[in-house]
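# Observations on chain architecture
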Amino acid sequence: MTMKVSSRQVDGVTIVDCSGRITLGEGSVILRDTVRDILSKGNKKIVLNLQNVNYIDSSGIGELVSAFTTTKNQGGELKLLNLTKKVNDLLQITKLYTVFDVKDDEAAAVKSFK
Amino acid sequence: MAMTEQRVSYTLDSSLETIDNAEQKATIIATELGFGEDEVMQISMAVREGTVNAVLHGNAYSPDKKVTLAFERTGNDFVITIRDQGPGMDLSKIPNPLAPENLLKTSGRGIFLMRSFMDVVEIRPSKTGTELKLIKHVHGTSAGGKEASQ
């Protein structure tokens, strides 16, 4: 299953609902283009909802890091929401759980932005 | 494809399709060997990462270079061998992705993940390519400790 994304606005926060696989190739490119597009429109509060992301490889992990740093470098914040166990485990073993702000409740994630 | 009773091997193009293909084959064979769901995921992801390295970093997507992928059941081990025809990986340049200065790098986690998921990871670079051997002990056998020899 390839990756699909759709974006919506909640109280000034852009929530990106992702589904499928974030892997080398199309999945990583879609995520990169989506985040760049959001930032180019001036939206700097971003939540990636990964509830339906069932697989991610090292390239996908790299793309999450890239999205995080790109957003931060533009004065914004990017948070992760609703990680599946597989993605959660990967962020744990790569120590990226300490880098990302990970939420498991959408309303709380939206409220957490400054 | 070449097949023997306990070994199957493939010669594949240096393409993105090969990466997905290798992962799918690993999933099927690991499942057939009786590995549990989590172990199948670990094996398939390790094979995916190894194939990414072969296609991307080894062969650099060259249409003239092939990736050889072999799955073998030997005794209590499931052995996967991935060979590329690139210039040979420089093992001294493999970063530690857990080091604070590397945490926010966007690449360099593939070998780390392979070592996390497999019982043995051997990397043998040469001027004519790199051979990667991934070993997972078959369910019910002692892992004998994780080891990453180079």
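Everything that follows concerns the structure shown earlier in this document.
Residues numbered from 1 in each chain as written. Chains lettered and ligands numbered in written order. Predicted model: local features only at pLDDT ≥ 70, side-chain atom pairs only at ≥ 80, totals over all residues. Heavy atoms only, no water.

## Section: the overall build of chain A
The cut-off we apply is this: Only DSSP runs of H or I covering at least 4 residues are called helices, and only runs of E covering at least 2 are called strands; the numbering of each starts at the N terminus. In this description the radius of gyration comes from C-alpha coordinates, and the expected globular size is given by 2.2 Å times residues to the power 0.38. Three exposure classes are used, based on accessible area relative to the maximum for each residue type with a 1.4 Å probe and protein chains only: buried under 20%, partly exposed in between, and exposed over 50%. A contact between two residues is defined here by any heavy atoms of the two lying within 4.5 Å.
Looking only at helices and strands, chain A features 4 helices and 5 strands. In chain A, the succession of α and β elements from N to C terminus is β-β-α-β-α-β-α-β-α. Compactness check: chain A gives a C-alpha radius of gyration of 13 Å against a globular reference of 13 Å for 114 residues, within 12% of the reference. Here chain A, with 114 residues, has 54% of them falling under the buried criterion. Considering only residue pairs separated by 6 or more positions, chain A has 65% of its internal contacts joining residues 24 or more positions apart.

## What to know about the packing of aromatic side chains
Residues and elements named next belong to chain B. Applicable threshold: Ring geometry is summarised as follows: Phe, Tyr and Trp rings, the Trp one being its six-membered ring, pair when their centres sit within 6.5 Å, and such pairs are stacked at plane angles under 30 degrees, edge-to-face over 60 and tilted between the two.
The full count for this structure, using the stated rule, is 4 aromatic pairs over all chains. Where Phe35 meets Phe78, the ring centres are 5.9 Å apart and the plane angle is 35°; that geometry is what we call tilted. With Phe35 in the loop between α1 (16-32) and α2 (37-58) and Phe78 in strand β4 (residues 77-83), this residue pair connects regions lying 43 residues apart in the sequence. Residue Phe35 shares its accessibility class with Phe78, and that shared class is buried. Members of the aromatic cluster, connected to one another through ring pairs, are Tyr10, Phe35, Phe71 and Phe78.

## Looking at the sheet that holds strand β1 (residues 4-10) of chain A
Residue and element names in this part refer to chain A. Basically, it comes down to this: If DSSP finds at least two bridges between two strands, the strands pair. Note on geometry: axes are lines fitted to C-alpha atoms, helical ones only across the stretch in contact, with angles between N-to-C directions running from 0 to 180 degrees.
One open sheet holds the 5 strands; their spatial order is β1-β2-β3-β4-β5, and the pairing between them is mixed. The open sheet has two edge strands, β1 and β5 (101-103), and neither has a second partner. Across the sheet, the mean angle separating the axes of adjacent strands is 25° when strand polarity is ignored. As paired elements, β1 and strand β2 (residues 13-22) share 7 bridges and run antiparallel to each other. Pairing of Lys4 across the sheet is with Ser19, part of β2. Across the sheet, helix α3 (residues 85-93) touches β3 (45-56) and β4 (77-81), and the angle it forms with β3 is around 105°.

## Let's talk about the packing of α1 of chain B against α2 of chain B
Residues and elements named next belong to chain B. Under the convention used in this document: Roughly parallel covers angles under 35 degrees, roughly antiparallel covers those over 145, roughly perpendicular covers 65 to 115, and oblique covers all other angles. Should the near helix be turned anticlockwise from the far one by less than a right angle, the crossing is left-handed, and should it be turned clockwise, the crossing is right-handed. Three classes are used, and their members are as follows: Ala, Val, Leu, Ile, Met, Phe, Trp, Tyr, Cys and Pro are nonpolar, Asp, Glu, Lys and Arg are charged, and the others, Gly among them, are polar.
At a closest axis distance of 8 Å, the pairing of α1 and α2 adopts a crossing angle of 150°. Judged by the angle between their axes, α1 and α2 are roughly antiparallel. For α1 against α2, the interelement crossing comes out right-handed. Each of Thr18, Ile19, Asp20, Ala22, Glu23, Ala26, Thr27, Ala30 and Thr31 in α1 lies in contact with α2, whose residues at this interface are Val40, Ile43, Ser44, Val47, Arg48, Thr51, Val52 and Val55. In terms of residue class, the contact of α1 with α2 is built from 9 nonpolar, 5 polar and 3 charged.

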